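Understanding the architecture of this molecule
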Amino acid sequence: MAEFGAHLTSTGGDNQPSIFEVLAQENLMSSLRPAVKYACRILAEKKPDKLGWLYAYCDETYTVLDFIIQSYYLKTYSASFAENFYGMKRESVEKVKAKIAINLPKQKQYLSVLYLVIVPYVKMKFDQLFEKLRQQVADGFHSSKTLMSRLCRLFVCVYPYVHMTWEGTMLTYQLMYMFGKQPWHTPFIQLAGVQLKNLTEEDLNNQNSEGTSSHVQPTSWIQWLMYVANKLLGGVAISLSTGLSVGVFFLQFLEWWYASDRSTMASVTSLPIPDPPQKIDDSSISSKSNVCPLCNKVRTNDTALSVSGFVFCYVCIYKFVKQHNCCPITSYPARTEHLVKLYSAGS
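Not measured: the values here are computed from a predicted model.

Side note on the overall build of the protein
The helix and strand tally for the protein stands at 12 helices and five strands. Counting all 347 residues of the protein, 32% fall into the buried class. Of all intrachain contacts in the protein linking residues separated by at least 6 positions in sequence, the fraction that spans at least 24 positions is 59%. Working note: accessible area of the protein is about 22,300 Å², and carbon and sulfur atoms make up 63% of it.

So, the nonpolar core
The biggest cluster of nonpolar side chains holds 14 residues, and the ones touching the most others in it are L28, M29, L32, C40, Y62, Y73 and F81. Of all elements in the fold, only α1 (19–46), α3 (58–77) and α4 (81–85) reach the threshold of two or more residues within this core. In contact with L28, not counting residues within four places along its chain, are F81, A82, F85 and Y86. Counting residues in each nonpolar core, the second largest holds 13 residues, with L104, V119, F188 and V194 among its members.

A word on unusual backbone geometry
With a phi angle near 55°, N296 is a residue other than glycine that sits in the positive phi range. Not every positive phi belongs to a glycine, and N301 is a case in point at roughly 55°.

A word on the pattern of salt bridges
Counted by the stated rule, this structure contains nine salt bridges. The salt bridge involving R335 is made with E337; its shortest N-O contact spans 3.5 Å. Connected via shared salt-bridge partners are R33, D59, E60 and K125.

Side note on the packing of aromatic side chains
For any pair of aromatic rings, geometry is given as the distance between the ring centres together with the angle between the planes. Throughout the structure, instances matching the rule amount to 15 aromatic pairs. Ring centres 6.4 Å apart and planes at 35° place the aromatic pair F81 and F85 in the tilted group. Here F81 pairs with F85, and both are found in helix α4, just four residues apart, close to one helical turn. Neither residue differs from the other here; F81 and F85 are each classed as buried. With 5.2 Å between their ring centres and 25° between their planes, F155 and Y159 make a pair best called stacked. Of this pair, F155 and Y159 are both found in helix α7 (residues 147–178), four residues apart, which corresponds to roughly one turn of the helix. Judged by relative accessible area, which is 9%, Y159 ranks as buried. Taken together, the ring pairs in this structure connect Y72, Y73, Y77, F81, F85 and Y86 into an aromatic cluster. The positively charged end of K123 is found above the aromatic ring belonging to W166, 5.2 Å away from the centroid.

A closer look at the side chain of R299
Considering the arrangement of structural elements, one finds R299 in the loop between α11 (259–264) and β3 (302–305). Engagement of the side chain of R299 in a polar contact is seen with the side chain of D302, the distance being 3.4 Å. Ignoring any residue separated from it by four or fewer positions in sequence, one finds R299 in contact with S289, N290, V291, C292, V311, F312 and C313.

Notes on the side chain of S92
Its place among the elements puts S92 in strand β1 (residues 88–92). Classification of S92 by relative accessible area gives buried; the value is 4%. Apart from the residues lying within four places of it in its own chain, the contact partners of S92 are L104, P105, K108, G193 and V194.

Observations concerning the environment of S112
Among the secondary structure elements, S112 is positioned in helix α6 (residues 106–138). When its relative accessible area of 0% is taken as the criterion, S112 is described as buried. C-alpha of S112 to C-alpha of S78: the two residues are 34 residues apart in sequence and 9.8 Å apart in space. In this structure S112 touches L74, R90, L104 and A192, once residues within four positions along its chain are discounted. Within the structure, the side chain of S112 is placed 2.7 Å from the backbone oxygen of K108, a separation counted as a polar contact.

Definitions and limits used
- Residues numbered from 1 in each chain as written.
- Predicted model: local features only at pLDDT ≥ 70, side-chain atom pairs only at ≥ 80, totals over all residues.
- Heavy atoms only, no water.
- Helix = DSSP H or I, 4+ residues; strand = E, 2+ residues; numbered from the N terminus.
- Buried < 20%, exposed > 50% of the residue type's maximum accessible area, 1.4 Å probe, protein only.
- Contact = heavy atoms within 4.5 Å.
- Areas by Shrake-Rupley, 256 points an atom, 1.4 Å probe, with all protein chains shown as cover.
- Core = buried A, V, L, I, M, F, W, Y, C linked by side-chain atoms within 4.5 Å.
- Salt bridge = Lys/Arg side-chain N within 4 Å of Asp/Glu carboxyl O.
- Phe/Tyr/Trp six-rings, centres within 6.5 Å; stacked < 30°, edge-to-face > 60°.
- Lys NZ or Arg CZ within 6 Å of the ring centre and 35° of its normal.
- Polar contact = N/O pair within 3.5 Å; in protein donor to acceptor, adjacent residues only side chain to side chain.

Written out as structure tokens, the structure reads:
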């Protein structure tokens, strides 16, 4: 595996990984989340009544699995899963200065888990919330003067600058790391009080000897429970890490394999156009083409209902379909997924 050979060709000074190795291990973890989400979607489609929640809470499921894996690897190898995969380890800043051989302290492990698992999850949820609120504000759902609406508009205005500061800080740290100005490639590594180092042959020998060494047998029933719990958690973490290492490539292969089949499937637009309704009560429909049939005002944010073809204001038709699940003109069954926004040529 990569951890047994990638670091042997490193040219960085003071046993420090190169910027390419650091970015490679970060990209590995970013590619695992879509693979897990894809697996959850497949399972949910197979048994929606029993496993539908798995896709609905896919982010939380991934976070729990990630927490187990990262905690195990930090405790066992003093590195995250991706860092160990690419032959790296985390060393405490105190250890680097004193040059003493100690494992990663508990406090550093907890801080590392916080910045590896919890912070990315919170950031992702804020990103999703911003995209949701931005769309709602653009559609006029938060135009009132209530406190909640004001907070939503304020969040939509402020969060892009927060995101820009986040990304700018990350880029600055990576550039300074690349030019050797500092030993941290992200601020979270610095906040955790650790530095990334390449694994040495001595580290590999120590890991192998620890894996084959005999453990002290527990004497009391409490020690037995702790012993069994640690063994179970260790086994789950090893199984998850191995499964993720192989599964990410397997799922990518399956997605490529079925890509040609999906491309040949008939799309919605290839279906025949349905016959018009036999009778439509058009007494409430204005003869003007730019008037919404629901509010009888000039349309804003034109949106077509694909099941019938009529065009409404987005807010009007969204609320109606959400409440009645049908077209207000033809009474055809409809859902919010059938709404199609229309854009003019100049927009």
